[in-house]
Amino acid sequence: MADYKVDSIADVRVADDPSSVRVAVMAGAEQVVLTIDWRKASDLIDRMAAINHEIRHSLSVPDWRAQRVRAGCHRTGLGIASLLFLPVLYGIWLWVIGDFDPRAWQIVGGFLLAAPLAYGVIWFIGWIVAGFVGKRHRDATDAERRDAAEPERKSAEPQLTA
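Remember, predicted model here, so these are calculated numbers, not experimental data.

Counted according to the given criterion, the structure contains four salt bridges. The salt bridge involving arginine 13 is made with aspartate 11; its shortest N-O contact spans 2.9 Å. Given a relative accessible area of 46%, arginine 13 falls into the partly exposed group. Ionic pairing is found between arginine 39 and aspartate 37, a salt bridge with its closest N-O pair at 3.0 Å. Judged by its relative accessible area of 53%, arginine 39 falls in the exposed class. Overlapping salt bridges bring together Asp11, Arg13 and Arg22 as one network.

So, in structure tokens, the structure goes:
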């Protein structure tokens, strides 16, 4: 088995057999030519697309801080809205059993409006705060410099996270 580190792709074209692909790659100073059946080339392209997706996501680590702020404000807003909705449920229960004062609809209506309004205000505050949290970007060049500076770790050892 030969293991080549490909530096560049020199040429890609249809091979002599019309159902094959000819790929010429540069591995250091040596040019390596591969002739691949089109079905296997298609499979290779699909696999490389999936790996490319994984590599791109590993180079730019997503920042979950803003999403956590929004989720926390969403949950807080739901909690406060449900607490403000409890008097509405009690008012509906009193109305069902016939012991409800007709003038109390003003209070129940106020709570009925306050619940979604409170949720909306807290949700909006979450979006504003999440906008100011900032994003942490990691470029590919930074990742290369960091990888070159760090010694290679064994996969069996626990890896520290930043």
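Read on, since the account is not over.
Next up on the list: the confidence of the model for the protein chain. For the protein chain, the mean per-residue pLDDT works out to 82, and 80% of the residues sit at or above 70. Taken element by element, the protein chain is modelled with least confidence in helix α4 (residues 140–149), mean pLDDT 57, and with most confidence in helix α2 (residues 65–97), mean pLDDT 93.

With that out of the way, let us pick up the nonpolar core. In this structure, Val23, Val25, Ala27, Val32, Ile36 and Ala41 together form the largest nonpolar core, which totals six residues. Top element by residues in this core is strand β2 (residues 20–27). It accounts for three residues. With residues up to four places along the chain from it excluded, the contact list for isoleucine 36 reads Ser19, Ser20, Val21, Val23, Ala41 and Leu44. Residues Leu94, Phe100, Ala104 and Val108 belong to the second largest nonpolar core, which totals five residues.

Glancing now at the pairing of strand β3 (residues 30–37). Along any regular strand the residues' side chains alternate between the sheet's two faces. Here β2 pairs with β3 via eight bridges, running antiparallel. If you follow alanine 24 over to β3, its bridge partner there is valine 33. Two successive antiparallel strands, β2 and β3, enclose a turn made up of two residues, where glycine 28 displays a positive phi of approximately 70 degrees.

A cluster of nonpolar residues, Leu83, Phe85, Leu86, Leu89, Tyr90, Ile92, Trp93, Trp95, Val96, Ile97, Trp105 and Leu112, forms a patch on the protein surface that exposes about 1,300 Å² of accessible area. For the nonpolar patch, the elements supplying multiple residues, two or more each, are α2 and α3 (105–133). Element by element, the count of residues in the nonpolar patch is highest for α2, at 10 residues. Its place among the elements puts leucine 83 in helix α2. For leucine 83, a relative accessible area of 56% translates into the label exposed.

This brings us to the pairing of strand β1 (residues 8–14). Here six bridges tie β1 to β2, and the two strands are oriented antiparallel to one another. When the sheet's bridge partners are listed, isoleucine 9 is paired in β2 with valine 25. The loop that links β1 with its antiparallel partner β2 comprises five residues.

This part covers the sheet that holds β1. Taken together, the three strands give an open sheet; going across it, the order is β1-β2-β3, and neighbouring strands pair in antiparallel fashion. Of all the strands in the sheet, the pair left with one neighbour each is β1 and β3. Each strand of the sheet is rotated relative to its neighbour by a mean of 20 degrees, with strand direction disregarded. Helix-sheet contacts for helix α1 (residues 38–59) involve β2 and β3, and the interaxial angle to β3 is about 110 degrees.

Rules and cut-offs
Residues numbered from 1 in each chain as written. Predicted model: local features only at pLDDT ≥ 70, side-chain atom pairs only at ≥ 80, totals over all residues. Heavy atoms only, no water. Salt bridge = Lys/Arg side-chain N within 4 Å of Asp/Glu carboxyl O. Buried < 20%, exposed > 50% of the residue type's maximum accessible area, 1.4 Å probe, protein only. pLDDT = per-residue confidence, 0-100. Helix = DSSP H or I, 4+ residues; strand = E, 2+ residues; numbered from the N terminus. Core = buried A, V, L, I, M, F, W, Y, C linked by side-chain atoms within 4.5 Å. Contact = heavy atoms within 4.5 Å. Pairing = 2+ DSSP bridges. Patch = residues over 30% accessible without salt bridge, like charges linked within 9 Å, V, L, I, M, F, W, Y side chains within 5 Å. Areas by Shrake-Rupley, 256 points an atom, 1.4 Å probe, with all protein chains shown as cover. Axes fitted to C-alpha atoms, helices over the stretch in contact; angles between N-to-C directions.

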